[in-house]
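Below, each chain spelled out in residue letters.
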Amino acid sequence: MFRIALKGILGRKARLVLTSLAVILGTAFLSGTSIFSATLTRTFDNLFSDVFQNVDAYVRSSQVIEADFGQEERQRIPVSLVDIVKTVPGVSDAAPDIQAFARIIGSDGKPLGADGNGPPTFGGVYTKYKGALWTIKQGHAPMNAGEVAIDEASVKAGKLTLNKKVKVVAQTGSREFTLVGIASYGNVRSPGGATFALFDPTTAQEFLAKPGFVDDILVTGDGSLSETALAAAINKAITKEIATKPVLKGVKTETLTGAQITQETQDQIGSALSFFGILLSVFSYIALGVGCFVIYNVFSISAAQRQRENALLRAIGASKKQISRAMLIEATIIGLFGSLVGLVGGIGLSKALSGLLRALSIDIPSGDLVITRSTVQQTLIAGLVVTLVSAWFPARRAGRVPPLAAMRETAIEIIASGKKRTIGGLVTIAAGVAVVVAVIAGAETTWLGIGILLVFIGTIILGPVIARPVALFLGRPAARFRGITGSMARQNSARNPKRTARTASPVLIGVALVTAVTALAASIKGQIDDVFTQQFKGDYAVSTNNRGFGGLSPSLALDISKLPEVAKATGIGLVTAKLDDKGQYITTISPESINGVWNIGLINAQYSDLATNSIFVSQKKAVKIGVAKGSIMKILFADGMTRKLTVSGLYVHNEIGDYIISKSLLADTTVVSFDRGVYIVTKQGVSSTVARAALTKAVTKYGQGDLLSKREYINKRSGNVNQLLGLIYGLLFLSVIIAVVGIIITLLLSVFERQRELGLLRAVGMTRSQVRTTVRWESVITSLLGAVIGIVLGIGLGWVIVFALRDQGLRNFALPIGSTIFIVFASFIVGVLAAIYPAWRATKVDILSALNTN
Amino acid sequence: MTSLTLTVAASTHNAKKIYGKDDSVVYALNDVSVDFYSGQFTAIMGPSGSGKSTLMHCIAGLDELTEGSAIIDGEDLSKMSDKDLTELRREKIGFIFQSFNLVPTLTADENIRLPLLLGNNKGNEEWIQRVINTVHLQDRLSHRPSELSGGQQQRVAVARALASEPRIIFADEPTGNLDSTTGGEILSFMRMAVDELKQTIVMVTHDPVAAAYADRIVFLADGKVAGEMLEPTAEKVLDRMKSLGN
Ligand SMILES: Nc1ncnc2c1ncn2[C@@H]1O[C@H](COP(=O)(O)OP(=O)(O)O)[C@@H](O)[C@H]1O
Ligand SMILES: [Mg+2]
């Protein structure tokens, strides 16, 4: 039977290629995304093991507040501890270290590095230290408050010149320095695409952090102690010092080994990347699932086309099992072959993915491709399993072919009872809808996924039943306006409903997901628009994308408010704190200037009620955690001090956050706080050109943040949704490609199958262009069939998701009519494009040999 | 039907069709010159492999001659593009094949009108109705081929060949797949088409009984014309075939 299977494969190279194509594409996406994730992780891992290469111990504060998304706010430690560490036996050298936000302004006045999503822009310390990776390649080390050293890549990118002035922006504001040194990092010009501005320790503390404080201490041992013993010794010495020196009261530190800090940093990056990795693999599995339909379809069609051959084998004595097994062997070979090619194709694809992300201005460091064993295993196993599963039913059906079928005229697919199918499909859909309704009525939201899945499965089961009437309906315009060719296309798309349904299913899934995501995005955008129009009462805003790390200097708002053109300017920021033992983002505002600029919908309260010992809580949160006006809340900031705050007001619009405190609360602390935005009301009678010019000047001085009009600001907020939408579209594109390939394959197989018919048509006078038209319209009808049902499902899905997110503040479902029309149009185009090659093949049918085959 | 009034509907001149190369060349047609006359029912006969189908394909614009010319209605096929040939087949030629004559997705009516529909041509409705009546298909028009018997399917094919009022109809073993009664019926319809509807038919066959329905028989052997016979009968044909070594 193996020989027969092998002959089956080799005898029909075209079919082999076509079947493999679906497997290849599906597995290529899987391995591509997997290689991409692994490469990214490895690149960052290498980066950090380089950073800590000569570090044997690492001292830092043990006071930390962790918030969502892995963000953390760690306290700083006194720089005086460096000298203590240096005296510990076993320590060869120690150096203060600061990793703070600093943005270098290029010679053209533009800040270096991407605002927001790119690699970080660091400010740090340059000292003589044995473990240092920074070396000065040109010039000399920064030695006083007026000097800076900058990494080689940034010097080049910013077109900076040695011994000339360069502006750097940090938390404390912007300042000019003389570029005295060009630094290089190990043998890399700039690690991971980040930018570095390096200062002498005193300047670094004062400009980047707080005088007398650093983030951590890097320690290199002399080799006499193990890393663990060294860390223990250092810890002991520091504890003793803190206990004896009253100045150090309240300081809490921990000492990590070099290996620990390397691991910790790698893990942090790893978990940030793993979300991304999961996103990628979810979409590649969707693509592979879509590929299943294509593989299943190809095997079904080829089983049908080989019906006579199989019947003949049965007639001369082959058993059912042998027939089925021959087909499964064929599937195994195709699965293995396809997965192997897919694995290789994935390498190219992972490169394309990097390109896609760069195009979306998400810059990532480049490194050698990493192909792990798990990538190989995952790809091969998934490819093989998917192929075998998809071939299973067609193989079984092939075995059941009656020997008598050998005498039959044409290939007929055995059609399962339509009644069973109709009932099965309808019951599944009904069950799914019931689950969704139950959730809407109040059941657990997690059930939604199951409900949606049931509806999808039910629709796909029902597919063959509805394919014929829907295809006939959709084909009406073609038949009407395209005469006999359109009418034949219509009939062709309906003549084999199972095949049509299977071909349309990948389109259906792709379109449903695209529609749902688009509807969701439109709903979110509509929400953003409403919210910001309602709440932002100013004329201009300065915004930045630097989430978590850095932000706008608090002095920017003050500077702007002093401009003669400006009536009012206020900054809104974020700080991390522990509230009720949970890490939270707390919004910081300036109560004295926010009134009339930003409306949070205070309930029976005024901004002036927010004092240094009070807090505002959103009404929604207050209900949830059970606090009211007058309640006392305990808040722990990164300085390690717990404060008691009285709830002095509740408010409605929680888009800027659920907790609000006054900036003056933090004024005398070591807690780091940036503004996330500055909101501005201009004076009456000041023209927009004048206002913009004055504001631009003020903002440029800081070298950070974008100046936006109210409209631009609102658009930018919803623009963030577009970026995510772009990424998701990009990933769904994988599935769309497979869907298109599915249509191409099915059409090609149908063309092969209808050779005689095509020959006859050509003989009685059908022109080549009419042949093409027929194939094209069949393709368009099939594609539209998937699209129309997909849109219906997608809108439902979108609505359900928006409903599920109502707790996140999503209130209105928006149906993107324009996008929906576009999707229909795009499916039309997809149909036309998919038909190009099969239509061309159809015109190449040789009339005589088509007529002569019996 | 005297030779004085005869006009040529289709003809070949020194037609050669050569398959293969060098050692293995086959002369499927070896210098065939033959005329087919309007208003006549001509049969082409000959042993298997004598070149009957090849001749028919080359005159009907389905295949190209290696040498010589094929002419339909005064036009030389060798000088025509694929598009022109397609149009010629659609407008001036009717076809009846041995099997698989009909498009399975179309109804009998649509199949009958297929060449007209393809040419975006309404056709002559009165004529079409007459053709349909002649082959007794009035009550089968909305059926699809799978719902028709073999004989009915061939009747649809005959009607299709006639529907566009072509200059000439080519039939390749039209009764080869039918039992003799049904075959006889089809042949009678073809005869009627010539007698009553004044059509021109060229039919390839190796069945002497079928050939006897024709006005004239052209015999082929080894790719050459091996004579002809007027007003044939089955016995006469059988005798002649024997001498050709069938
Ligand atoms: N495509 C082809 N390639 C090679 N030889 C062919 C081809 N078609 C026909 N022939 C040869 O040409 C000769 C005439 O064939 P054909 O016209 O089909 O004969 P008939 O219809 O009288 O049986 C035969 O010898 C046949 O083998
Ligand atoms: Mg023949």
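Note that the structure is predicted; figures quoted are calculated from it, not measured. (Residues numbered from 1 in each chain as written. Chains lettered and ligands numbered in written order. Predicted model: local features only at pLDDT ≥ 70, side-chain atom pairs only at ≥ 80, totals over all residues. Heavy atoms only, no water.)

## Considering the side chain of Thr265(A)
Operational definition: Under the scheme used here, helices are H or I runs from DSSP no shorter than 4 residues and strands are E runs no shorter than 2 residues, and both carry numbers assigned from the N terminus. Residue contacts are counted whenever heavy atoms from the two residues lie within 4.5 Å of one another.
When you line up the elements, Thr265(A) lands in helix H7 (residues 258-305). Filtering out sequence-adjacent residues up to four positions away, Thr265(A) remains in contact with Phe48(A) and Phe52(A).

## A closer look at the sheet that holds strand S3 (residues 41-45) of chain B
All names here are of chain B. Note the threshold: Paired strands, as defined in this entry, are two strands with at least two bridges between them according to DSSP. The axes are straight lines fitted to the C-alpha atoms, using for helices just the contacting stretch, and the angles between their N-to-C directions are given from 0 to 180°.
If you walk across this open sheet you meet the six strands as S6-S7-S8-S3-S9-S10, and the pairing is mixed. The open sheet terminates on both sides in strands that have one partner only, identified here as strand S6 (93-96) and strand S10 (224-230). Averaged over neighbouring strand pairs, the angle between their axes works out to 20 degrees when direction is ignored. Sheet topology note: the S3/strand S8 (residues 201-204) ladder contains four bridges and is parallel. Bridge pairing links Phe41 to Ile201 in S8. Against the sheet, helix H1 (residues 52-59) engages S3, S6, strand S7 (168-172), S8 and strand S9 (216-221), with an angle of about 150 degrees to S7.

## As for the confidence of the model for chain B
Residues and elements named next belong to chain B. Counted only if it meets this: The pLDDT score gives, residue by residue, the confidence of the prediction method on a 0 to 100 scale.
When pLDDT is averaged along chain B, the result is 89; 98% of the residues meet or exceed 70. Mean pLDDT values over the elements of chain B span from 83, in helix H8 (residues 234-244), up to 95, in S8. Across the interface, the model reports ipTM at 0.89; the global pTM reads 0.77.

## Some points on the environment of Lys351(A)
All names here are of chain A. The condition is simple: Relative accessibility decides the category of a residue: with a 1.4 Å probe and only protein chains considered, values under 20% of the type maximum give buried, values over 50% give exposed, and everything between is partly exposed.
Assignment of secondary structure puts Lys351 in helix H9 (residues 320-359). Residue classification places Lys351 among the exposed positions, given a relative accessible area of 55%. With 316 residues separating them along the chain, Lys351 and Ile35 place their C-alpha atoms 9.3 Å apart.

## Considerations on the site of ligand 1
Residue and element names in this part refer to chain B. Put simply, the rule reads: Throughout this document, a residue counts as near a molecule or strand when at least one of its heavy atoms sits within 4 Å of that molecule or strand. Two N or O atoms form a polar contact when they lie within 3.5 Å of each other; inside protein one atom must be a possible hydrogen donor and the other a possible acceptor, and for residues adjacent in sequence the pair counts only when both atoms belong to side chains. Think of it as three bins: nonpolar holds Ala, Val, Leu, Ile, Met, Phe, Trp, Tyr, Cys and Pro, charged holds Asp, Glu, Lys and Arg, and polar takes everything else, Gly as well.
Around ligand 1, the neighbouring residues are Tyr19, Val26, Ala28, Pro47, Ser48, Gly49, Ser50, Gly51, Lys52, Ser53 and Thr54. In the model, an oxygen atom of ligand 1 is placed 2.7 Å from a nitrogen or oxygen of the Gly49 main chain. Elements with a minimum of two residues in the shell around ligand 1: strand S2 (26-37) and H1. At three residues, the largest contribution of residues to the shell around ligand 1 is made by H1. Looking at the shell around ligand 1 residue by residue, the class counts come to four nonpolar, six polar and one charged.

## What to know about the packing of aromatic side chains
Residues and elements named next belong to chain A. The condition that has to hold: Two rings belonging to Phe, Tyr or Trp (six-membered ring only in the last case) form a pair when the distance between their centres is within 6.5 Å. Interplanar angles under 30 degrees mark stacking, angles over 60 mark edge-to-face geometry, and anything in between is tilted.
One pass over the full model with this rule turns up 17 aromatic pairs over all chains. An angle of 75 degrees between the planes, with centres 5.8 Å apart, marks the rings of Phe532 and Trp598 as edge-to-face. Taken together, the residues span a long stretch of sequence, with Phe532 in helix H15 (residues 497-535) and Trp598 in the loop between helix H17 (591-594) and strand S19 (602-603) at a distance of 66 residues. Residue classification places Phe532 among the buried residues on the basis of a relative accessible area of 7%. On the basis of relative accessible area, Trp598 is assigned to the buried category, the value being 2%. Aromatic side chains Tyr679 and Tyr713 sit 5.6 Å apart centroid to centroid with 75 degrees between the ring planes, which places their arrangement in the edge-to-face category. Of this pair, Tyr679 sits in strand S24 (residues 674-682) while Tyr713 sits in helix H20 (residues 710-753), placing them 34 residues apart in sequence.

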